[in-house]
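# Structural characterization, general
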There are 2 protein chains.
Amino acid sequence: MTTSDARTPASKQSAENQGDEAGKSIGWHKGYVQGSRPDLRVPVRQVHLTNGKDVTLYDTSGPYTDPAIDTDVRRGLAPLRENWIVARGDTEEYAGRPVRPEDDGVKHTSPRGGLRNLDAVFPGRPRQPRRSRDGRPVTQLAYARRGEITPEMEYVAIRENVEAEVVREEIAAGRAVLPANVNHPEIEPMIIGKRFLVKVNANIGNSAVTSSIEEEVDKMTWATQWGADTVMDLSTGRNIHTTREWVLRNSPVPIGTVPLYQALEKVDGRAEELTWEIYKDTVIEQAEQGVDYMTVHAGVRLPYVPLTARRKTGIVSRGGSIMAAWCLAHHKESFLYEHFEELCEILATYDVTYSLGDGLRPGSIADANDEAQFAELRTLGELNTIAKRFGVQTMIEGPGHVPMHKIKENIDLQQEICEEAPFYTLGPLTTDVAPAYDHITSGIGAAMIAWWGTAMLCYVTPKEHLGLPNRDDVKTGVITYKIAAHAADLAKGHPGAQEWDDALSDARFEFRWEDQFNLALDPDTAREFHDETLPAEPAKTAHFCSMCGPKFCSMKISQDIRRQHGGSQEEIEEGMAAKSKEFAAAGNRVYLPIAD
Amino acid sequence: MTTSDARTPASKQSAENQGDEAGKSIGWHKGYVQGSRPDLRVPVRQVHLTNGKDVTLYDTSGPYTDPAIDTDVRRGLAPLRENWIVARGDTEEYAGRPVRPEDDGVKHTSPRGGLRNLDAVFPGRPRQPRRSRDGRPVTQLAYARRGEITPEMEYVAIRENVEAEVVREEIAAGRAVLPANVNHPEIEPMIIGKRFLVKVNANIGNSAVTSSIEEEVDKMTWATQWGADTVMDLSTGRNIHTTREWVLRNSPVPIGTVPLYQALEKVDGRAEELTWEIYKDTVIEQAEQGVDYMTVHAGVRLPYVPLTARRKTGIVSRGGSIMAAWCLAHHKESFLYEHFEELCEILATYDVTYSLGDGLRPGSIADANDEAQFAELRTLGELNTIAKRFGVQTMIEGPGHVPMHKIKENIDLQQEICEEAPFYTLGPLTTDVAPAYDHITSGIGAAMIAWWGTAMLCYVTPKEHLGLPNRDDVKTGVITYKIAAHAADLAKGHPGAQEWDDALSDARFEFRWEDQFNLALDPDTAREFHDETLPAEPAKTAHFCSMCGPKFCSMKISQDIRRQHGGSQEEIEEGMAAKSKEFAAAGNRVYLPIAD
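Residues numbered from 1 in each chain as written. Chains lettered and ligands numbered in written order. Predicted model: local features only at pLDDT ≥ 70, side-chain atom pairs only at ≥ 80, totals over all residues. Heavy atoms only, no water.

## Some points on the overall build of chain A
Assigned secondary structure in chain A consists of 22 helices and 15 strands. Within chain A, buried positions represent 69% of all 596 residues. Summed over its atoms, the accessible surface of chain A is roughly 18900 Å², and 52% of this surface lies on carbon and sulfur atoms. (Helix = DSSP H or I, 4+ residues; strand = E, 2+ residues; numbered from the N terminus. Buried < 20%, exposed > 50% of the residue type's maximum accessible area, 1.4 Å probe, protein only. Areas by Shrake-Rupley, 256 points an atom, 1.4 Å probe, with all protein chains shown as cover.)

As structure tokens, then:
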């Protein structure tokens, strides 16, 4: 982890240099765990402690933090999985759909014409899209059902420190998904399921109002550097196709999208002009580019729309409101719902994972767990069953705004209705009164719902409800959600989760400040805050901190207590146990009457 | 609420001006609810909405936000409760204990001599301390048991929007405390108990290493301005007595302390030199100044100390480690435990509330809910019973560092063992791995434990474990904990709690941006974030936000849906219900086979 731009060699230096900053050869470096084949090496974050020990942490930062790899955003990342995909022999390259100006929101009639800046077109190596050779599913779900343990499955097994067979079983049962489009060979495989580490998604994306391609690519690498497990590109403005190409070719994590947003751009924002054909064309366009999972709001059905009329905040999901508008304008059932099986056939041929969207999620505490929300959830359950029949991996999206006492009902109902398919929730926000702090109002709900079984958390930044997140907001959102996810891993008793906390707490008790910083979710800010009050270098090895000062430190006194009772842990315990016995008689007496 | 210095008339202006900023006479102003007597006026925060409605919120900011009151930190606040206290006729003024140089950490032998800056001595009106006339308890608990509803009880009843009798009952039963030292007449009474709004405490205090008297007083007013219900002065450096005097005379909220910290200063930080006499003298010194509640670590007993030897982080409570060091140094039972009844007699004569400290609270996830922690809790239960016998109001302090799945056991055990005495917890932090973000790791645990019955939450700032909080950290800590407290009020179904969320959500759905800002916990930051992406004044009334842009807004589409179905709510529902019926047949069919 480092705050400097991950895409430049400089960042690799600074990663290595953290040790030097401390004047010792400590800090961390990118390590790899070798799998069963030479091209299967799983990245880890190796933290070297001053006491000689090492701590190994899960790493999502991709090749950008490996000084041995020369990365270049204009070239893109190496296609790590290409050989694995080709070796399976069930896919073929093909000409693919021609890219049209409309894909970037440019009308032929548009006076503006062309891209905002033509050199924005991704310059990386030419590639042809790939799809199933015979139309049969080429999904990790299909392989898992056939009993195959793919390299991708072995990869995530090593990452999660579990048996590969466990990974295969969870995927085969539909309790976990491994999003990996055959056209996105650059990703480092990861898995989303309640038996595995809780994952975090970070949203990026330009809008008609702000931001550029460069910013979005930078936000993606920045987010994964701080721990984002997947990234959703929610661009809604122009250059959508080109922005997505840059993001995909440079992303080490699965990329998700909401195809409906781009489809709407193609009809110039007029929901009623949307058609199945335009939507289908957009899905194929994005599948050929390599989008790993797509949010599909097929659960927003015409009969449910009236259920939102009484709501305090109506429909707050963009996709949900677009589909509701379409349904009412045409007075017809949703074209997504009606063509769902055809959509399944398409997704199966690229291994695009469904993220069935909750278009009717509550947008306020008042609307939580209402009729509209749960009516849609039941439909998502039906669609989940259909998707599985077509061999498509599927997860289910969840709310939203929900007060604490109504959170558990959401995960329990979803798990029951959707046959334990992975739940993927946005927070939920536990109150509406704190705009500018919704990473916190939602971090509370996220930690709780993840503890109870949610597999992935979609982050919320401080700008939620107010504006588009900048670089700092993205970092704050990711760190907040990594906290929620790890707190849930601890509460679920995930094997190995507590080792990280223990290592940091040991460092804290022993005043190994540099180790505390290097083990922290955000070493830079931890170090910076410490230096504000005790900037001097010796302070980083001082046996006190600024909270109490030198002569008045609970940790120090607590250690003195140990020392008074001999060096070794055994001696300490003997000595103390002896005293304990001595005082047992008195100690067991409830209250000693005052002598005087 | 305003970010400018609360103690200057300027801040009052800016509070008034929030409306002008918006170009309209909206915003908020300080209001009062008149009680049964002229001098009983309960402050509220009146938010004026652009739709003509008003929202009334709980207000902790004191006279500083009332433009009609001229405040001056050098004079102190008006003694609001003085007449009520005198009228009871059960207290008397007396000479009191002379203030000594040692009280400010200055040794006679000290070459430094005198205060760091002599003009620091509080210049306000001279006052004599007050105590019980005949040694009998002059506590709100004693009055409540006698069936008396004091002006203080009526005051909090109005604040909490409940019957005064409910307040009296909860106090009489020991399920709630109303901290109000007879020597702190400046406070606006508040109550701490699970049947009332969850409260938030903010810690301030200088240390041997940093900060000044001025800073501490400013932090206090700053914290209460953002919603702190009580403030603890944890000063450990020099000028402790004088700093506390400034804080008390200017504080509209109850002030808590840990007398042990000052006592330790008096023996130059050598725990083994502490004596009951020095401690008792310090308690009287602070009680005469007006400290409303005191943390007493009388539960740290000698036989429990060995139980901490096996711990990952030993004893992390400062008070706990001091008492442990004393017990072991003298090989004797804690003098606080042995003299507890005598201490009760003292506190009862000033109405100082006990906050029985959890000196053995866990300092890491690994140590949560262990033998040492719960052994101390059982002793706190015994002490709670004794305190009640002496008519002393009592609350119990709780952890600390606790993973989510072990939180509920803490509140359940405490409520059982301590006969439902108010629980007052520090977080708990739900993971150890995020130094610099412990306001968030602990905000998660705080919201949960408050939902389950904790009455007051002690805030944690981003600087926890790293350094002393500055002004920004104090604000961030308070806002984070107000979020946790309000989320808990919602989950507990506290009457009226959701009205605030509903008002803000209505404003959000109707694009009343200024109303959203004025209703927010932090209007300044919400406005600032919005302006970052859409600075133009018209944008604050624009019917879209920067997240989606003008043509692509879920709220707008959602409103269009309503409009399509007629103006009035009735028409909307009729129209939609009709459509709903029409589609019922199809809608109820689980899946429609694809036509083509």
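## Quick word on the sheet that holds strand β12 (residues 353-356) of chain B
Residue and element names in this part refer to chain B. Taken together, eight strands build a closed barrel; the order of strands is β8-β9-β10-β11-β12-β13-β14-β15 and the barrel is parallel. Averaged over all neighbouring strand pairs, the angle between strand axes comes to 25°, with direction disregarded. Note that strand β8 (residues 199-204) and strand β15 (residues 456-458) share three bridges and pair parallel. Counted as the bridge partner of lysine 199 is methionine 456 from β15. (Pairing = 2+ DSSP bridges. Axes fitted to C-alpha atoms, helices over the stretch in contact; angles between N-to-C directions.)

## Thoughts on the pattern of salt bridges
Enumeration over the complete set of coordinates arrives at 86 salt bridges over all chains. Between glutamate 341 of chain B and arginine 389 of chain B there is a salt bridge, with the nearest N and O atoms lying 2.7 Å from each other. Highlighted residues: glutamate 341 of chain B in helix α12 (residues 340-348) and arginine 389 of chain B in helix α13 (residues 371-389), separated in sequence by 48 residues. Using a relative accessible area of 19% as the deciding quantity, one classes glutamate 341 of chain B as buried. The exposure class assigned to arginine 389 of chain B is exposed, which follows from its relative accessible area of 57%. Among the ionic contacts, a cluster of salt bridges with common partners joins Arg97, Arg100, Asp103, Arg244, Lys266, Asp281 and Glu285 of chain A. (Salt bridge = Lys/Arg side-chain N within 4 Å of Asp/Glu carboxyl O.)

## Some thoughts on the packing of aromatic side chains
Two descriptors summarise a pair of aromatic rings, namely the distance from one centre to the other and the angle between the planes of the rings. Under the counting rule described, the total for this entry stands at 20 aromatic pairs over all chains. Geometrically, the ring pair formed by tryptophan 326 of chain B and phenylalanine 335 of chain B is edge-to-face, given 4.9 Å between the ring centres and 80° between the ring planes. Exposure class is identical for tryptophan 326 of chain B and phenylalanine 335 of chain B. Each is buried. Look at tryptophan 451 of chain B and tryptophan 452 of chain B: their rings are 5.5 Å apart centre to centre, the planes differ by 25°, and that puts the pair in the stacked class. For tryptophan 451 of chain B, a relative accessible area of 19% gives the class buried. Among the aromatic residues, ring-to-ring pairing joins Trp276, Tyr279, Trp326 and Phe335 of chain A into one connected group. Positioned over the ring face of tyrosine 32 of chain A is arginine 41 of chain A, at 4.0 Å from the centre of the ring. Positioned above the aromatic ring of tyrosine 94 of chain A is the side chain of arginine 131 of chain A, whose terminal nitrogen or guanidinium carbon lies 3.7 Å from the ring centre. (Phe/Tyr/Trp six-rings, centres within 6.5 Å; stacked < 30°, edge-to-face > 60°. Lys NZ or Arg CZ within 6 Å of the ring centre and 35° of its normal.)

## A closer look at the confidence of the model for chain A
Residues and elements named next belong to chain A. Put simply, chain A has an average pLDDT of 87, and 82% of its residues get 70 or more. Long-range and interchain partners of residues 108-118, a stretch whose pLDDT sits below 50, account for 16 contacts in this model, where long-range means more than four residues apart. Scored below 50 in pLDDT, residues 583-596 shows 30 contacts in the model against residues more than four places distant or in partner chains. In the predicted assembly, ipTM is 0.90 and pTM is 0.90. (pLDDT = per-residue confidence, 0-100. Contact = heavy atoms within 4.5 Å.)

## Structural notes on the sheet that holds strand β1 (residues 27-34) of chain B
All names here are of chain B. Reading across the sheet, the three strands line up as β1-β2-β3 and stay open at both edges, with antiparallel pairing between neighbours. Each having just a single partner strand, β1 and β3 (54-58) make up the two edges of the open sheet. The average angle at which neighbouring strand axes cross in this sheet is 35°, direction not considered. Where strand β2 (residues 41-48) meets β3, five bridges bridge the pair, whose relative direction is antiparallel. Its bridge partner being in β3, arginine 45 is matched across the sheet by leucine 57.

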